[in-house]
Amino acid sequence: MVTSFRKKVYDVVKKIPKGKILTYKEVAEKVGRPKACRAVGSILNKSVGWRKGIPCHRVVRSDGNIGGYNKGEKTKVYLLEKEGVIIQKRKVVR
DNA sequence: AATGAGGCCCTAA
DNA sequence: ATTAGGGCCTCAT
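**Student:** Would you explain the protein's contact with DNA strand B in this entry?
**Tutor:** Neighbouring DNA strand B are Phe5, Arg6, Arg33, Lys35, Ala36, Arg38, Ala39, Ile43, Lys46 and Ser47. For DNA strand B, the fraction of protein-proximal atoms (within 4 Å) that sit in sugar or phosphate groups is 62%. Within the side chain of Arg6, one N or O atom sits 3.1 Å away from a phosphate oxygen of DNA strand B. With respect to DNA strand B, the side chain of Arg38 contributes an N or O atom lying 2.7 Å from a base nitrogen. Broken down by secondary-structure element, the contributors of at least two residues to the surface near DNA strand B are helix H1 (5-14) and helix H3 (37-48).

**Student:** For this particular structure, what's the right way to read the nonpolar core?
**Tutor:** Considering soluble globular proteins, one finds that nonpolar side chains tend to be buried as a cluster. Residues Val9, Val13, Val27, Val40, Leu44 and Val59 are the most contacted members of the largest nonpolar core, which totals 16 residues. Listed by contribution, the elements that provide at least two residues to this core are H1, helix H2 (24-30) and H3. Counting residues per element, this core draws most heavily on H1, at four residues. Formed by eight residues, the second largest nonpolar core is a distinct cluster that contains Val60, Val77, Leu80 and Val92.

What counts and what doesn't
Residues numbered from 1 in each chain as written. Chains lettered and ligands numbered in written order. Predicted model: local features only at pLDDT ≥ 70, side-chain atom pairs only at ≥ 80, totals over all residues. Heavy atoms only, no water. Near = heavy atom within 4 Å. Polar contact = N/O pair within 3.5 Å; in protein donor to acceptor, adjacent residues only side chain to side chain. Helix = DSSP H or I, 4+ residues; strand = E, 2+ residues; numbered from the N terminus. Core = buried A, V, L, I, M, F, W, Y, C linked by side-chain atoms within 4.5 Å. Buried < 20%, exposed > 50% of the residue type's maximum accessible area, 1.4 Å probe, protein only.

See below:
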C-alpha cells in the first residue's frame, strides 16, 4: 500500500459525516498511528486539507476542547455549530 | 484546577 | 540528510 499517512488522514476526515466530529487521537488511530495525533494536527494545519476539501474543523481534541484552527478557534466553533455540533463552554458535546 | 515535562509522529524547507 | 515546527496526549505535582 502506498498510502501515505497524510492521505489516510484526508480520507478519514473527509468521511466524517456532517454534524459529527472526531478527535485527533481517533483519527490517528484510524490511520494506524495512535501516537501520531500530533502529526495529524500538523498535517491538517499545514497541508490545510480545507484547501482540498477537508473539513479539519470537524476534528477536535480528545478532551472535547476545540483546539486550534487556521482561521481561529471562533471560526471553528462557528462552523461546528453550523453543522449541528453543540459546543458547551468551549467544549464539544459528543 | 492548572502547569510542567516528556514522548510519539509527521510535513515542509 | 538534517533541522525546526506543530491544531497533541498523558502523567505527575
